[in-house]
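Below, each chain spelled out in residue letters.
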Amino acid sequence: MPFRTKFILCMAVLASIVAHAANDARLLYIEKYKSTAIREMQQNGIPASITLAQGCLESADGTSYLAKEANNHFGIKCAGWRGATVSRDDDAAGECFRKYASADESFRDHSAFLRYRDRYAFLFDLDPTDYRGWAYGLSRAGYATDPKYPEKLIAIIENYKLFRYDILEPEVQLPAPPANAPQAVEVKPEETVVRLKNLAGIDLTHPVYERYGVLYIVANGGETYFSLARDYNLFLNEILKINDESRNHVIESGTIVYLEPKRRQGTAEMPAHVVEEGETLKDLSQRFAIRQNSLRRINHISQGAEPQPGMLLLLKKPDRK
């Protein structure tokens, strides 16, 4: 056999071996982190297929420097980060990247990174199984500079059938609340008890309610935001931000604690509210499940000021004529 032919055959075999090894690494990565991605989908609404595909791509299936040395599986840089960091060349030399204590922390921060930035907000209006919309939306919002980023994500999702993880398990009935559960909050007509998905590792001892589409629980006496963040797989600063709290402290029995971001404005059915004596902006934010900064912006209330009794507080932006 001529040398040239032998060389070509050897290269073909080598390429096949390399491709097979890469496939094995990707399959191992998917198997290892699929339950984590599903958990994040159930908690934050990001398709598990997207999370897995981004993890595969950004971390080179867990083999990249950032993944191995910093547990950073999504290439998230340091902007707004107060934790440990690591430097790495990327779009520029020596860029700053976030460093995590574990891969699990990286997955959770990835969810928070998308969920709490306005430029990604439109993605959460997509159908939960629309992985194509998410892939192109991430690119449009500037997650990556690679113009082929959406196509790469979609190829990984479809080649490895990751879309099958976007289908949630059947709903399960919540367990009955403990006998000593607080009765301080009455369930009003606009609120319904939610039947949560079967979330592994989540504390379901609290009945979970829905107010204007936002999930919340009623705290027991002696609980803290730290303990609730731990029970519901949230970061402490995340649950504090959601509930407009600046510090962790013991929560009074009967306090409403939201588990996900409140609305940016009210609905057509609740456009305004007449402020009563003693009501604060925080009270109204919790009552109507609307963010405090949104209420300030809509009503032109300066930071630190409170609405006055008798004021017509707009809960949604006036309709444009």
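Attention here is on the structure that accompanies the text.

Calculation rules
- In every chain, residue numbers begin from 1 and rise along the written sequence.
- Two thresholds apply to this predicted model, a pLDDT of at least 70 for residue-level local features and 80 or more for giving and counting side-chain atom pairs, whereas whole-chain, interface and lining totals are computed over all residues.
- Hydrogen atoms and water are omitted, and side-chain values are computed over all heavy atoms in the structure.
- Per the convention used, a helix needs a DSSP run of H or I reaching at least four residues, while a strand needs a run of E reaching at least two, with both numbered from the N terminus.
- Helix span, expected: 1.5 Å multiplied by one less than the number of residues in the helix.
- Classification of ring pairs rests on two measures: the distance between centres of Phe, Tyr or Trp rings, Trp counted by its six-membered ring, which must be within 6.5 Å, and the angle between planes, read as stacked under 30 degrees, edge-to-face over 60 and tilted in between.
- For every residue, the accessible area (1.4 Å probe, protein chains only) is compared with the maximum for its type, and the residue is labelled buried under 20%, exposed over 50%, or partly exposed between those bounds.
- Placement of a positive charge over a ring is assigned whenever Lys NZ or Arg CZ falls within 6 Å of the ring centre and within 35 degrees of the normal to the ring plane.

1. What to know about helix α2 (residues 48-59)
- With 12 residues, α2 should cover 16 Å at 1.5 Å per step; its first-to-last C-alpha distance of 16 Å lies within 8% of that length.
- Backbone geometry just downstream of α2 places A60 in the positive-phi region, at approximately 50°.

2. Description of the packing of aromatic side chains
- Summed over all chains, the structure comprises 10 aromatic pairs.
- The interplanar angle of 55° and the centroid separation of 4.8 Å between the aromatic rings of Y29 and Y33 together place this pair among those described as tilted. Residue Y29 and its partner Y33 are both found in helix α1 (residues 3-44); the two are separated by 4 residues, about one turn of the helix.
- Y33 sits in the buried class, given a relative accessible area of 11%.
- Centroid distance Y131 to F163: 6.1 Å. Interplanar angle 20°. Geometry classified as stacked. Of this pair, Y131 sits in helix α5 (residues 131-140) while F163 is found in the loop between α6 (149-159) and β3 (191-193), placing the two residues 32 residues apart along the sequence.
- Taking relative accessible area as the criterion, Y131 reaches 13% and is therefore assigned buried.
- The class for F163 is partly exposed, based on a relative accessible area of 34%.
- An aromatic cluster of at least three residues, connected via ring pairs, comprises Y29, Y33, F74 and F107.
- Of note, R88 hangs over the ring of Y65, and the distance from its end group to the ring centre comes to 4.1 Å.
- The lysine or arginine in question, R108, covers the ring of F235, its NZ or CZ lying 4.7 Å from the ring centre.

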